[in-house]
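# Chain and residue survey
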Amino acid sequence: MINPFATAKGQLKAAAETAKLDSDKIAQLALPDRYVEVSIPVKMDNGKQKIFTGFRSQHNNARGPYKGGIRYHQDVNLDEVRALSFWMSFKNAVVNVPFGGGKGGIIVNPKELSAGELERLSRGFVKKIYTIIGPETDVPAPDVNTTGQIMGWMLDEYQKCSGNKSMATFTGKSLDNGGSQGREEATGFGGVYVFEEVLKNKIGGIAQGGSVALQGFGNVSTFFAKAAAKLGFKVVAVSDSKGGIFNSDGLNLEKVEAHKKATGALKDFVGAKNISNSELLELDVDVLVPAALENVLTEENADKIKAKLIVEMANGPTAPEADVIFNKKGIAVIPDILANSGGVCVSYYEWYQNMNNESWTKEQVLEKLSKQIKQAFVDVYALQKQYSTSFRTAAYILAAQRIIEAMPK
Ligand code: GLU
C-alpha cells in the first residue's frame, strides 16, 4: 500500500534538492502544523447511534488561513488527510492565492446514508472542529463526495456553535447561500485553461483533435471533458467507481450524462464498450486525465501507459515510482497542484466576495480564473526550463519558494 504522505514528502525532497532550498524550512514543511482526529456520534434513522471518525489536518498557514476541502469516503485515513493538506499548501502557493493548506475527511460511504443522516453527520463534524476553523483561521470546502448542500449545513452549524455569522468560513457553498458564480465548474475549467497553455507551448506534441481518456465522471471530470470537447478534442473514455466506457470515435457527453442519471452508472451505455478502470488508464490516447482518487498510476502500470500527456485533475494520482518511469519515457505530467488548482482559486474569490460583501458575475470569475491559473502555468514553465526538470518538481520549487518567503525568519 502506497502511503500518500510519503509520496508528498518525496515530491518536496526532489524540489528541495533541485533548487537547493533552505533545509530547515523544508524540514518544517514536511510536517503539518497540527491535525485532529474526532469521533462524531450520529443518531441513525433506525434510532441507533453510530460513531464516525473524522480528521482535520492544518499543514501550513504562512501565506494565509489554512484552506482545503473535506472528503467523505470509506477509505479516508489520517495519512491521506495529512498528505492532502500538504498538497493544498503547495497548490495554493502555485496558483498564488493568500491561503495556507488544510484538509479534512470523514470515514464514511455517503451513498449508504439518508439525507437526514448525512446532515447530522456533517453538523456533528462541525461541532467537533468549530473551535479550530473560521474565516481567518481555517476555511474548509467540498472535496470528494461533498457538495454545496453539505457546506451549507456545515456553515449553519458553525454559525450556531461559534456565534460568528460570517459566510466566509466555508467555500464551495451553493449560489443561494453565499456561494460564488463559477465555483462548480472552476476545477474542471481551470484544468482546461492550463491545458490550453500546454497546447500553445506544444508540450507533449499534442494537437487539436487528439483523443482524451478521463478516469472519473464527477464534478471535475465532466466540466473538464465538456471544455476539452469544445476545444476540438475527442473524449473517448470516462469512468466511475464501477467501471468505464470507451468509444474510439468519441463519446456524446450529454447522452452519457443522461445515461448515468437514468441508470446510476456509466456501464452499458449504448454505442460504447464497457472497460475496467485499469484498461482505461492504459488506452492508446493522446491525453490521460486521472480525475478520481490518488495512487492510480503506479510502478505496476506506468510502463503500460501510452498517453503522451497526463493532466492530473485528481489529487496525488501518480506514485513516485511511476513519475520516474514517465520522466524516462518522455510523458509530460502536468501536476495536480497546478492542474486542479482552479477549484481553490475560485474558493478564494468566494471567500473574498463574502469578506467584502461583493458579488461577481460568472464571466468576471472565469476571466479572473483563466488569467490567474495561466500565470501559474507560465511561472511553473519558467522554472521547468530553468532547472530542466519535470513540471511537478518545478511546481514544487515555485510553491516552496513562495511559502518559505512567507515563513517567519
Ligand atoms: N477540494 C478542492 C481541492 O482539492 C478544493 C479545495 C478548496 O476549495 O478549498 O483543491
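Just above, that's the structure.
A brief report on the enclosed structure follows. Positions within a chain are numbered from 1, following the residues in the order the chain's sequence is written. Reporting in this predicted model follows two pLDDT cut-offs: at least 70 for local features of residues, and 80 or more for side-chain atom pairs to be given and counted; totals over whole chains, interfaces and linings ignore these cut-offs and use all residues. The side-chain values count all of the structure's non-hydrogen atoms but skip hydrogen atoms and water molecules.

## Things to note about the overall build of the chain
Just so we agree on the cut-off: Working definition: helices are DSSP H or I runs of at least four residues, strands are E runs of at least two. Numbering for both runs from the N terminus. We take the radius of gyration over the C-alpha atoms and set the globule estimate at 2.2 Å times the residue count to the 0.38 power. Accessibility here uses a 1.4 Å probe with only protein chains present; expressed as a share of the type maximum, an area under 20% marks a residue as buried, one over 50% as exposed, and anything in between as partly exposed.
The secondary structure content of the chain amounts to 14 helices and 12 strands. Here the C-alpha atoms of the chain give a radius of gyration of 20 Å, agreeing with the 22 Å that 2.2 N^0.38 yields for 409 residues. Taking the principal axes of the C-alpha coordinates as reference, the chain spans close to 55 × 55 × 45 Å. In the chain, which comprises 409 residues, the share counted as buried stands at 60%.

## Observations regarding the pairing of strand 3 (residues 66-73)
Put simply, the rule reads: A pair of strands counts as paired when DSSP detects no fewer than two bridges linking them. A right-handed crossover is one whose linking path, passing over the helix from the first strand to the second, runs clockwise when the strands point away from the viewer.
With 8 of 8 residues buried, strand 3 lies mostly within the body of the structure. Relative to strand 5 (residues 138-142), strand 3 runs parallel, the two sharing 5 bridges. From the neighbouring strand, tyrosine 66 faces strand 5, where its bridge partner is aspartate 138. The pairing of strand 3 with strand 4 (residues 101-107) spans 4 bridges and is classified as parallel. Bridged to isoleucine 70 within strand 4 is glycine 104. Once you follow strand 3 into helix 3 (residues 78-94) and on to strand 4, the crossover reads as right-handed.

## Looking at the packing of aromatic side chains
Going by this rule: For this analysis, a ring pair means two rings from Phe, Tyr or Trp (six-membered ring only for Trp) whose centres lie within 6.5 Å, classed as stacked if their planes differ by under 30 degrees, edge-to-face if by over 60, and tilted for the remaining angles.
Taken as a whole and judged by the stated rule, the model has 17 aromatic pairs. Each ring, one from phenylalanine 99 and one from tyrosine 348, has its centre 5.7 Å from the other, and the planes form 85°; the classification is edge-to-face. Linking phenylalanine 99 in the loop between helix 3 and strand 4 with tyrosine 348 in helix 12 (residues 342-356), this pair joins segments that are 249 residues apart in sequence. Taking the relative accessible area as the measure of exposure, phenylalanine 99 reaches 0% and is therefore buried. Ring geometry for phenylalanine 99 versus tryptophan 351: centroids 5.3 Å apart, planes at 80°, classification edge-to-face. You can see phenylalanine 99 sitting in the loop between helix 3 and strand 4 and its partner tryptophan 351 sitting in helix 12, a full 252 residues away along the chain. Since its relative accessible area comes to 13%, tryptophan 351 is described here as buried.

## Describing the pattern of salt bridges
Applied cut-off: Salt-bridge detection follows one rule: a side-chain nitrogen of Lys or Arg within 4 Å of a carboxyl oxygen of Asp or Glu.
In this structure the tally under the stated criterion is 24 salt bridges. One salt bridge connects aspartate 143 with lysine 103, and the closest N-O pair in it is separated by 2.9 Å. Residue aspartate 143 is located in the loop between strand 5 and helix 5 (148-162), and its partner lysine 103 is located in strand 4; the two are separated by 40 residues in the primary sequence. The exposure class of lysine 103 is buried, given its relative accessible area of 1%. One network of salt bridges, with partners in common, ties together Glu119, Arg123, Lys127, Asp156, Glu157 and Lys160.

## Some remarks on the side chain of serine 57
This is how it is decided: Two N or O atoms form a polar contact when they lie within 3.5 Å of each other; inside protein one atom must be a possible hydrogen donor and the other a possible acceptor, and for residues adjacent in sequence the pair counts only when both atoms belong to side chains. Residue contacts are defined here by distance: any two heavy atoms, one from each residue, within 4.5 Å place the two residues in contact.
Tracing the chain through its elements places serine 57 in strand 2 (residues 49-60). A relative accessible area of 0% means that serine 57 is categorised as buried. Separated by 2.8 Å, the side chains of serine 57 and serine 85 make a polar contact. Among all residues touching serine 57, those that are not within four sequence positions of it are Pro32, Arg34, Tyr35, Val81, Arg82, Ser85, Gly101, Gly102 and Lys103.

## Comments concerning the site of the ligand
Cut-off, in case you're wondering: A cutoff of 4 Å decides nearness: a residue is near a molecule or strand if any of its heavy atoms lies inside that distance of it. The accessible surface values rely on the Shrake-Rupley method and a 1.4 Å probe; as for residues, cover is taken only from the protein chains in view. Three classes are used, and their members are as follows: Ala, Val, Leu, Ile, Met, Phe, Trp, Tyr, Cys and Pro are nonpolar, Asp, Glu, Lys and Arg are charged, and the others, Gly among them, are polar.
Around the ligand, the surrounding shell holds 14 residues, and the nearest of these are Lys67, Lys91, Pro142, Asp143 and Ser347. Contacts to the ligand include lysine 103, whose side-chain N or O atom sits 3.0 Å from an oxygen atom. Between proline 142 and the ligand, the recorded distance is 2.9 Å, taken from a backbone N or O atom to a nitrogen atom. Relative to its unbound accessible area of 290 Å², the ligand is 94% covered by the protein chains. Mapped onto the shell around the ligand, the elements with two or more residues apiece are strand 3, helix 3, strand 5 and helix 12. The residue makeup of the shell around the ligand, split by class, is 4 nonpolar, 5 polar and 5 charged.

## Some points on the nonpolar core
Worth spelling out the cut-off: Residues belong to a common nonpolar core when they are buried Ala, Val, Leu, Ile, Met, Phe, Trp, Tyr or Cys residues joined through side-chain atoms within 4.5 Å.
In this structure, Phe90, Val94, Val238, Val289, Leu309, Val311 and Leu369 are the most contacted members of the largest nonpolar core, which totals 86 residues. Sorting elements by how many residues they give to this core places helix 14 (residues 391-406) first, with 10 residues. Apart from the residues lying within four places of it in its own chain, the contact partners of valine 311 are Phe195, Phe224, Val287, Leu288, Val289, Pro290, Ile334 and Ala339. Ile40, Ile132, Met151 and Leu155 belong to the second largest nonpolar core, which has 24 residues in total.

## Considering the sheet that holds strand 7 (residues 234-240)
What counts is decided by this rule: Every axis in this analysis is a line fitted to C-alpha atoms, fitted for helices over the stretch in contact. Angles between the N-to-C directions lie between 0 and 180 degrees.
With mixed pairing, 7 strands are arranged side by side in an open sheet as 9-8-7-6-10-11-12. Here the strands that pair on one side only, and so sit at the sheet edges, are strand 9 (273-275) and strand 12 (332-334). Mean inter-strand twist for the sheet, computed between neighbouring axes without regard to direction, equals 20°. Across 4 bridges, strand 6 (residues 211-215) lies against strand 10 (residues 287-290) in parallel orientation. Along strand 10, the bridge assignment pairs valine 212 with valine 287.

## What about the environment of valine 144?
Relative to the helices and strands, valine 144 resides in the loop between strand 5 and helix 5. In this view, valine 144 contacts Ile70, Arg71, Tyr72, His73 and Leu293; residues no more than four positions away in its chain are not counted.

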